[in-house]
Amino acid sequence: MLEDKILLFLETARRQSLNRAADAMGIEQDEAEEMIRALERRLNLKLFSEFQGKKRLTRLGEKFYHGCNRLEEMANELLEEMDYTPVPQIQIGFTGTRDNQGVIDLVSQYKSQNSQVTFTFRKEDIPGLKNALVGGDVDIVFGLRSAFDEDPELKMVDLFEYPLCLIVPKDHPFEKKKKIAVEDLQNENIVVLDRRQAVTFFVDPLVACGLKRGGAAWQSKARSLDDLIKTVRLANGVGLAVKENLDHDRLKDEKFTLIDLKFPYAAIVRDPEERPEIINFVEAAVEYFLPEAAKERAKKAEKRAKKGGKSSE
């Protein structure tokens, strides 16, 4: 960490020989002599005197030596202090815990198996998350792929299909369609089921579809399934909700057709990303969100809910 001229000066003082100091440092004799002369010119003082063929420190040279020696010791102590294996830290960006409950569960499970890894969370809107990821302020972002424009600096790893559902009343033009494009919704009266009806995971259905508030012909929010059914019929529109929140049998009895809309939910990282802790965590996320694993967790959650219900009776 110290300049070569300083290190050569220290080595010369200790060995009392410029030749031996130069040999120890792998420096040519002529170059070593010029380095000491340059240091003396810079300090405007004489560092060494010759006595019986040995290099002896002058009075000012001795003062300079003690100062440089302390600097070398401090530099070595600092290097030793910094020579440690840093604790892996992963900074996660998302739009909020309610929108990404599965991510909170994923982190909890991952930490139980990788206790040396620490996590921090940053809540932002989508543009803010993208800027934070590109700028290096977060390491990984979770969200719907449709919310992020394609960017050569980012890599998207799909984790699962976020299942939205259109609730279409009888005799609506959508009733006979097998597939609905987002563009088809631009001029529709849309009734969205309130987020309070979400079970474990929620992203605003309008955001998921790439629709802005007020972007459709008319938009309303339903507080319950009954409210949604009533409002859709009155508005001659369609309902939009997360599929897992719906009573499918009830809607079928009410003569509604359900049309699936699926949007990939992804982990987004910088490209390329070479840090092993980030790569390992993304791989764990892919495995965590596999359909089989998700079904197993849903069964366990259902059992816990039933058990809790019995204990409260």
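Look above for the structure.
Residues numbered from 1 in each chain as written. Predicted model: local features only at pLDDT ≥ 70, side-chain atom pairs only at ≥ 80, totals over all residues. Heavy atoms only, no water.

Re unusual backbone geometry
Looking along the chain, the bond that leaves Asp-271 and enters Pro-272 is cis, with omega of 5 degrees. When you line up the elements, Pro-272 lands in the loop between strand 10 (257-270) and helix 10 (276-288). The phi dihedral of Gln-16 is positive, around 55 degrees, even though this residue is not glycine. Along the polypeptide, Gln-16 turns up in the loop between helix 1 (4-15) and helix 2 (18-25). (Helix = DSSP H or I, 4+ residues; strand = E, 2+ residues; numbered from the N terminus.)

Overview of the pairing of strand 9 (residues 238-242)
Of all 5 residues in strand 9, 5 are buried, a share of seventy percent or more. The alternating pattern of strand 9 places Val-238, Leu-240 and Val-242 and Gly-239 and Ala-241 on opposite faces, both of which are buried. Of the strand pairs in this sheet, strand 6 (residues 154-168) and strand 9 are connected by 4 bridges, and their pairing is antiparallel. Among the inter-strand pairings, Leu-166 is bridged to a residue of strand 9, identified as Leu-240. Of the pairings in the sheet, the one linking strand 7 (residues 189-193) to strand 9 comprises 3 bridges and is parallel in character. What sits directly across from Val-191, in strand 9, is Gly-239. (Buried < 20%, exposed > 50% of the residue type's maximum accessible area, 1.4 Å probe, protein only. Pairing = 2+ DSSP bridges.)

Comments concerning the side chain of Asp-139
Summarising the element assignment, Asp-139 is placed in the loop between helix 6 (126-134) and strand 5 (140-144). In terms of polar contacts, Asp-139 uses its side chain to reach the side chain of Arg-270, at 3.5 Å. At 3.0 Å, the side chain of Asp-139 and the side chain of Arg-275 are in polar contact. (Polar contact = N/O pair within 3.5 Å; in protein donor to acceptor, adjacent residues only side chain to side chain.)

Digging into helix 6
Residues Gly-128, Leu-129, Ala-132 and Leu-133 constitute the buried set of helix 6. Along the axis of helix 6, the buried residues cluster in a sector spanning 130 degrees; they form a single face. Pointing more than 90 degrees away from the buried face of helix 6 are the exposed residues Pro-127 and Asn-131. Each element contacted by the buried residues of helix 6 is listed here: strand 3 (89-94), strand 4 (118-123), strand 5, strand 6 and strand 10. The backbone nitrogen of Gly-128 has a side-chain oxygen 2.9 Å away, supplied by the residue at the start of helix 6, namely Asp-125. A positive phi of about 85 degrees marks Gly-136, the residue just after helix 6. (Arc of directions from axis to C-beta. Contact = heavy atoms within 4.5 Å.)

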